[in-house]
Amino acid sequence: MGKKSELASEYEHILKTDKNCIDKAFDFCEGYKTFINASKTERECVSEIINIVKTKGYKELNKDITKLNVGDKLYFNNRGKALVLITIGKESLDKGVNFVISHIDSPRLDLKPNPVYECEDIAYFKTHYYGGIKKYQWPALPLSMHGRIFKSDGSFVDINLGEKDNEPKFIITDLLPHLSEEQNKRTLRDGIKGEELNIVIGSIPINDEDTEIKNLVKENVLRILNKMYGIKEKDFARAEIEFVPAEHAMDIGFDKSMIAAYGQDDKVCAYPSLMAEIENVNPMKTSVTVFTDKEEIGSKGNTGMDSNYLHDVIEDLADIANVKTRDIYRNSICLSSDVNSAYDPTFADAFEGRNSSHINRGVVLTKYTGHLGKGGANDASAETMAKIIKLMEDKNVVWQIGELGKIDIGGGGTIAKYITQKNIDTIDVGVAVLSMHAPYELVSKLDVYHTYLAYKAFLCNQ
Ligand code: MN
Ligand code: MN
C-alpha cells in the first residue's frame, strides 16, 4: 500500500507542486502593482493598456484594415472605457477564437450630477455609490478624485487628484463612538446610509465682506476648481467623476506574500490576461482579449458586456476574413476572467470549505455562480471543464475549483452569461480574493502568477 491514495485528491498550496515560483511570482507582481496604481478607473485603465500595447506593435482596428495576417496585433477602443485586443492566428477564424474577458470597472463612489453643497461652513460633494459596496467601509478613508468633465464650449478636462503624496485627498466623516448609541442600533447594512456618503471638500470661506454670496466656503471651492480645471458648477452635469481609495497597492504580511489594493476585482485578472495577450505570438487560434466596463452594475450600458460592441468587432473581423460570425462563435471558448471569493477562516460560516477557493491554491475554475439554485448562472459543461482542466494540467498550471460560498446565503454573477448568449463555451477563471469589494482587497502573489500562466496556456497555443 502506498502512503498516499492514488485515487483521492486534495487541492494544495501552490508551493507543493511549483516549488520554485516565489521569485517569478514576486517579480510579475511588481508590474501588476504599477499597472493597478495607474488604473484606478475604467478610463485610466483603457489609456494605460493602450499606452502599453502601442509599444508592442498593436494597431487600431479601423476601416483601413482590409486583410488579416498571422501575427497581426489589433486593438479596438470602445469610447475610452472598454477595449478589445486581438492577435490573429494561423487557423481560419471560423474554426473559433479564444476569448479572455475581464472587467476593469470596480465598486466606488460616483459624484451626483449636482454634487456641490455647503453646510455649517463645510463644503461637500454628494455621491451615489456604484456597484456592491458595504457602505460602512467608506468613511474615515482617504479618497482620490478621478474622471472627465466637459465644459460648455465642448472641451473637457481629465481629473486625477489625490494619488500623489503632495496632493490633497478627500474624506467622508463617521460619528464618534461616544455619540453612537443610536447609530449602533442600525443594521450593518445601514451603519452608514447612502445619503450619508458625503465627501468633505473644503472649509475656508472667500474673503469678501461686501459679497451677497451666501455659501462662502462652497464659493471658495468653486473658485479653486475653476482655477485648477477651468470648470463651473453646472459642468458637473456633463461629467463622470469617481472617488476611490487613495492609497496605492501594498505588500502584505511579514513574508510580503500578498497584495492589498483597491480595484483588484477585476484588475487582478485584467493584468495577467494583458501580459498573456501581449506575449501571444503567431498562435494557432486567434485570441480576443477584452477589458470591459459596467460589470459591477450588471453589464448594461454600451461599454458593458450586455451591449453589442464585442459582437460588432467580431463581425468586423468576420467581414474582413469572409467567414460567418456564427461559425466563429459556435467554435470558440471564452475564459470569463473574473475573481472568486476566497475562503475566509474568520468568516468560515459563509463558506463550504471543500468547494470554496483558497488563497495560494492556484487559479480558480468556477463552474457556476448564481444564487438560489444556480439562478442566472452560466453552468460550464463537463466538456468545457474537461478541456480547460486538461490545458492546465498539460502546462503545469496549479488550479483549484471554487464556489461562491455556501448555498442560499447570497450569490453573484459575472459576464459569463452575456457571452454564452452567443453560443460560446464559457467558464469563469480567475484569482481568489479576500475582502472582495472592500476598499482594499487582498490577493496572493502566487495566485496572480498562476492565473497569468493559466491565461498564457490558453491563449498561446502554437
Ligand atoms: Mn468581478
Ligand atoms: Mn465584483
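Residues numbered from 1 in each chain as written. Chains lettered and ligands numbered in written order. Predicted model: local features only at pLDDT ≥ 70, side-chain atom pairs only at ≥ 80, totals over all residues. Heavy atoms only, no water.

Trainee: What should I look at first to understand the pattern of salt bridges in this one?
Mentor: Once their charged atoms are close, side chains differing in charge can pair, the charge on each being opposite to the other. Per the counting criterion, the structure on display carries 27 salt bridges. A salt bridge links Arg108 to Glu242, with the nearest nitrogen and oxygen atoms 3.3 Å apart. With Arg108 in strand 5 (residues 108–119) and Glu242 in strand 11 (residues 239–245), the pair connects residues that are 134 residues apart, well separated along the chain. Taking relative accessible area as the criterion, Glu242 reaches 5% and is therefore assigned buried. Notably, a salt bridge pairs Lys367 with Asp379, separated by 2.6 Å at the nearest N-O pair. Residue Lys367 is found in the loop between strand 17 (363–366) and helix 8 (382–394), and its partner Asp379 is found in the loop between strand 17 and helix 8; the two are separated by 12 residues along the sequence. Residue Asp379 is classed as partly exposed on the basis of its relative accessible area, which comes to 32%. What you see here is one network of salt bridges that share partners, running through Glu30, Lys33, Asp251 and Lys445. (Salt bridge = Lys/Arg side-chain N within 4 Å of Asp/Glu carboxyl O. Helix = DSSP H or I, 4+ residues; strand = E, 2+ residues; numbered from the N terminus. Buried < 20%, exposed > 50% of the residue type's maximum accessible area, 1.4 Å probe, protein only.)

Trainee: Please explain the pairing of strand 10 (residues 199–202) as it appears in this structure.
Mentor: Note on strand geometry: in a regular strand, side chains alternate between the two faces of the sheet. In this structure, strand 6 (residues 122–130) lies alongside strand 10, joined through 3 bridges in antiparallel fashion. Following the sheet pairing, Ala123 is matched in strand 10 by Gly202. Taken together, the 2 bridges between strand 9 (residues 171–172) and strand 10 define a ladder with antiparallel strand orientation. Bridge pairing links Ile171 to Val200 in strand 10. (Pairing = 2+ DSSP bridges.)

Trainee: What is the right way to read the coordination of the manganese ion (ligand 2) from this model?
Mentor: Each donor-metal-donor angle in an ideal tetrahedron of four donors is 109.5 degrees, and each such angle in an ideal octahedron of six donors is either 90 or 180 degrees. For the manganese ion (ligand 2), every protein donor is listed as Asp265 (OD), Glu296 (OE), Glu296 (OE) and His437 (NE2), and the spread of their distances is 2.0 to 2.7 Å. As a motif over one chain, the donors of the manganese ion (ligand 2) read D-x30-E-x140-H. Between the two metals, the manganese ion (ligand 2) and the manganese ion (ligand 1), the spacing is 3.4 Å, and Asp265 donates to both. Of the two residues, Asp265 sits in helix 5 (residues 264–278) while His437 sits in the loop between strand 20 (432–433) and strand 21 (441–444), which places them 172 residues apart along the sequence. Under the relative-accessibility criterion, Asp265 is labelled buried at 3%. Owing to a relative accessible area of 18%, His437 belongs among the buried residues under this scheme. (Donors = N, O, S within 2.8 Å, 3.2 Å for Na, K, Ca; no water.)

Trainee: What is the right way to look at the side chain of Lys33 in this model?
Mentor: Within the secondary structure, Lys33 sits in helix 2 (residues 22–37). A polar atom in the side chain of Lys33 sits 2.7 Å from the side chain of Asp251. If we ignore the near neighbours within four places in the chain, the residues touching Lys33 are Ala249, Asp251, Ile259 and Lys445. (Polar contact = N/O pair within 3.5 Å; in protein donor to acceptor, adjacent residues only side chain to side chain. Contact = heavy atoms within 4.5 Å.)

Trainee: Teacher, can you tell me more about the sheet that holds strand 3 (residues 82–87) here?
Mentor: Where strands meet in a sheet, backbone hydrogen bonds hold them as pairs that are either parallel or antiparallel. The strand order 1-2-3-14-4-15-19-17-18 describes an open sheet built from 9 strands, whose pairing is mixed. Two strands bound the open sheet, and with one partner strand each, they are strand 1 (59–60) and strand 18 (399–401). Bridge count for strand 17 against strand 19 (residues 425–430) is 3 bridges, and the pairing is antiparallel. Bridge pairing in strand 19 places Val364 opposite Gly430. This element, helix 8, spans strand 15 (333–336), strand 17, strand 18 and strand 19 of the sheet and lies at about 45° to strand 19. (Axes fitted to C-alpha atoms, helices over the stretch in contact; angles between N-to-C directions.)

Trainee: What is the right way to read a nonpolar patch on the surface from this model?
Mentor: Among the surface-exposed residues, Leu175, Leu176 and Leu179 lie close enough to one another that they form a single nonpolar patch of about 280 Å² accessible area. Secondary-structure assignment places Leu179 in the loop between strand 9 and strand 10. Exposure remark for Leu179: the relative accessible area of 59% places this residue in the exposed category. (Patch = residues over 30% accessible without salt bridge, like charges linked within 9 Å, V, L, I, M, F, W, Y side chains within 5 Å. Areas by Shrake-Rupley, 256 points an atom, 1.4 Å probe, with all protein chains shown as cover.)

Trainee: Even after reading the chapter, I still don't get the pairing of strand 4 (residues 98–103), so can you show me in this structure?
Mentor: Taken across its 6 residues, strand 4 has 6 buried, putting it largely inside the fold. Bridge count for strand 4 against strand 14 (residues 287–292) is 6 bridges, and the pairing is parallel. Note on strand 14: the bridge partner recorded for His103 is Thr292. As defined by bridge partners, strand 4 adjoins strand 15 across 4 bridges and the pair is classed as parallel.

Trainee: Is there a simple way to think about the packing of helix 3 (residues 42–54) against helix 5 in this case?
Mentor: Helices that pack against each other are described as a pair by the angle of their axes relative to one another and the distance between those axes. The interhelical angle for the contact between helix 3 and helix 5, taken along N-to-C directions, is 20°, at an axis separation of 12 Å. Considering their axes alone, helix 3 and helix 5 lie roughly parallel with respect to each other. With respect to the hand of their crossing, helix 3 and helix 5 are arranged in right-handed fashion. Of the residues in helix 5, those touching helix 3 at Cys45, Ile49, Ile52 and Val53 are Lys267, Leu274 and Ile278. Split by residue class, the contact of helix 3 with helix 5 holds 6 nonpolar, no polar and 1 charged. (Parallel < 35°, antiparallel > 145°, perpendicular 65-115°, else oblique. Left-handed = near helix turned anticlockwise from the far one by under 90°. Nonpolar A, V, L, I, M, F, W, Y, C, P; charged D, E, K, R; others polar.)

Trainee: Is there a simple way to explain the sheet that holds strand 6 in this structure?
Mentor: In space, the 7 strands of this open sheet follow the order 8-7-11-5-6-10-9, with antiparallel pairing throughout. A strand with exactly one partner marks an edge of an open sheet, and here the two such strands are strand 8 (156–161) and strand 9. Pairing between strand 7 (residues 143–150) and strand 11: 7 bridges, direction antiparallel. Considered in strand 11, the bridge of Met145 is made with Phe243. On top of the sheet, helix 4 (residues 216–229) reaches strand 5, strand 6, strand 8 and strand 10; it is set at about 130° to strand 5, its chief contact.

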